[in-house]
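Fold and contact review
Spelled out from the first residue to the last, the chains are:
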Amino acid sequence: MQKNTSPCYYGEYLQLDKFLDSQHPVSGQYQAHEAHDEMLFIIVHQAYELWFKQILHELNSVLSAFHQPNLDANNYGKIIQRLNRINEIQKLLNQQIGILETMTPLDFLDFRDYLVPASGFQSIQFKEIEILLGLKMEYRINFDKKSFYNRLNDQDREHLMNLEGQPSLFDRLQEWLERMPFLDQANFSFVEAYKTAVSEMLQHDLEIIEGVEYLSEKDREFQKKDLEKTKQTFEAVFDNETFDHLTKDGQFRMSQKALMGAIFINLYRDEPAFQQPYLLLEKLIDIDEEFTQWRYRHTVMVHRMLGTKIGTGGSSGHDYLRQTTQNNRFFKDLFNLSTFLIPRSSLPALPESLKKAMGLRSE
Ligand code: HEM
C-alpha cells in the first residue's frame, strides 16, 4: 500500500463545507420567523438519503456478485456480510422515525404547505432500492403503478424506467436457486424422496386425527378438511398445473424450480455445503422484514402527523401507505417456505456419494 503524499485534513476529506451548507429551510422566505422544526425535517431526510446511498453501494455489489455465471461458494461470505450491513442500516433507519416524531403535528403545520407538491414519492434512491430488490411496477398496488412515476421529472422517470428493465436481486436469486445442483442425481432424486416423505408425514397426521378418541366427529371432520388443504398446498410444488393456478392467484412469485431449490437448502441447512446458502436466504428475509417494519412505522407516523389528510404527493396519505405495507414485499416466497418444511426426523437421508460431492464447491 502506498503512503499518502499530501496530509489529509478531516473537514476537507469529508467535504464538510459542502455538506454542512446544504440545510436551507424555506419557511423563513414566506413568514417572519423560520419554523424551528424545519431544520430537523431536512436533516432527518438527508440522513436517510445518505444511508440510502450506502445501501445502494452494497446492493449493487451484491448484484454483481450474483451476476457471476457460477456463483462461487467463495462469494457467499462477502454477499452475506454486505446483506447484513444493509440490514443493520435498516435498523438504524427504523429508529430515526422516533426522532422525527419529536416534532408535533402543529409544529409540522408551520411549514408543511411550503413543501407542496414535493413528496417521499420523489425519493429516487428509495425507489431504486425497491426496484433493485425486485419491486417492479407490476407488483405494486394499483395506485402506485403509475402514480409515483407521474410525479417525477423526465430525467428521474427515465432513469427508474431503465432500472425496471434490469435484473433485480429477486431475479438473480431465482436464477441461482434454479441452478441448485444435487436436486436430481443419478442415484437420488430429491423431488421423489421429498414427495414420499411428505406423503408419509400427511398419512401419519391423518392416522393421528382418526385415532384420537377425545375428538368429536364434527372436530375430526374439521381437522381432516384442514389437512386436505395442507395437502393441496404441498401438491403445488410437485404439480405444474396446481402451481400455475396458485401463481395466478398471487400465492407464488418464484418459479417452481427455484422454490424447490430453496426448500432443499432449508431442509438440508445443517449440511456444511448449505449453511451459507441458508444464511443468505435468511438475510434476504431479514431485509424484507425490516423494510416492512419501516413502512409500518412510517405509516403510523404519517397517521399521527396528518390524521386523514392527503399527502403532499397526492396519495390518500396513511391509508395508501398502509396498503403498501401489506403488498410491497420482495421475498414473500422465502417467508412462505416454512409451509413446505417437514420435521428433521422425516427428512430423506442423503446418499453418502452425494454428501461427498456436496463437500466440493457448489456451482
Ligand atoms: C412528517 C414526516 C412525514 C410525513 C408527514 C410523510 C408523509 C408521507 C406521505 C403522505 C406519503 C405518501 C405519498 C404522498 O402522497 O405524499 C409519503 C411517502 C413516502 N415517504 Fe414520507 N413522510 C414523512 C417523513 C418521511 C421520512 C423521514 C422519510 C425518509 C426518507 C420518508 C420517505 C417516504 C418515502 C420513501 C415515501 C414513498 C413510499 C412509497 O411510495 O411506498 N417520509 N410520506
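Here the structure is a predicted model, which is why all the values come from computation and not from measurement.

Taken together, the buried positions of helix H16 (residues 318–327) are occupied by His318, Tyr320, Leu321, Thr324 and Thr325. The arc that holds every buried residue of H16, seen down its axis, measures 155°, which confines them to one face.

Turning to the UniProt feature "binding site: heme" (unreviewed entry) in the protein, a few remarks are in order. In this structure's numbering, the residues bearing the UniProt feature "binding site: heme" (unreviewed entry) are His298. Within the secondary structure layout, His298 lies in helix H15 (residues 272–306). Sequence-distant contacts of His298, defined by excluding residues within four places in its chain, comprise Ile97 and Leu321.

Let us now look at the packing of aromatic side chains. Aromatic rings considered in pairs are described by the distance between their centres and by the relative angle of their planes. A complete count under the given rule lists 24 aromatic pairs for this structure. When the ring of Tyr48 is compared with that of Phe52, the centres are 5.9 Å apart and the planes differ by 50°; the resulting orientation is tilted. Separated by four residues within a single helix, Tyr48 and Phe52 lie in helix H4 (residues 38–66), roughly one turn from each other. Neither residue differs from the other here; Tyr48 and Phe52 are each classed as buried. Judged by centre distance (4.9 Å) and plane angle (75°), the ring pair of Phe291 and Phe330 falls under edge-to-face. On the criterion of sequence distance, the pair formed by Phe291 in helix H15 and Phe330 in the loop between H16 and helix H17 (332–336) is long-range, its members being 39 residues apart. No difference in accessibility class separates Phe291 from Phe330, as the two residues are buried. Looking at Arg253, its charged tip hangs above the ring of Phe170, at a distance of 3.8 Å from the centre.

Following the criterion strictly, the structure yields 20 salt bridges and no others. Among the salt bridges present, the one from Arg269 reaches Asp270, with a minimum N-O distance of 3.9 Å. Where salt bridges share partners, they join Lys127, Glu130, Arg140 and Arg295 into one cluster.

Take the site of the ligand next. If you check the shell around the ligand, you find 28 residues, and the closest are Ser119, Lys127, His298, Gly313 and Ser315. Gly313 places a polar main-chain atom, nitrogen or oxygen, 2.8 Å from an oxygen atom of the ligand. One of the side-chain nitrogen or oxygen atoms of Tyr320 is found 3.0 Å away from an oxygen atom of the ligand. At the level of elements, H4, helix H7 (124–133), H15 and H16 are the ones that each hand at least two residues to the shell around the ligand. Counting residues per element, the shell around the ligand draws most heavily on H15, which supplies seven residues. Per-class residue counts for the shell around the ligand are 16 nonpolar, ten polar and two charged.

Cut-offs applied
Residues numbered from 1 in each chain as written. Predicted model: local features only at pLDDT ≥ 70, side-chain atom pairs only at ≥ 80, totals over all residues. Heavy atoms only, no water. Buried < 20%, exposed > 50% of the residue type's maximum accessible area, 1.4 Å probe, protein only. Helix = DSSP H or I, 4+ residues; strand = E, 2+ residues; numbered from the N terminus. Arc of directions from axis to C-beta. UniProt positions renumbered as here; feature names shortened; annotations may be inferred. Contact = heavy atoms within 4.5 Å. Phe/Tyr/Trp six-rings, centres within 6.5 Å; stacked < 30°, edge-to-face > 60°. Lys NZ or Arg CZ within 6 Å of the ring centre and 35° of its normal. Salt bridge = Lys/Arg side-chain N within 4 Å of Asp/Glu carboxyl O. Near = heavy atom within 4 Å. Polar contact = N/O pair within 3.5 Å; in protein donor to acceptor, adjacent residues only side chain to side chain. Nonpolar A, V, L, I, M, F, W, Y, C, P; charged D, E, K, R; others polar.

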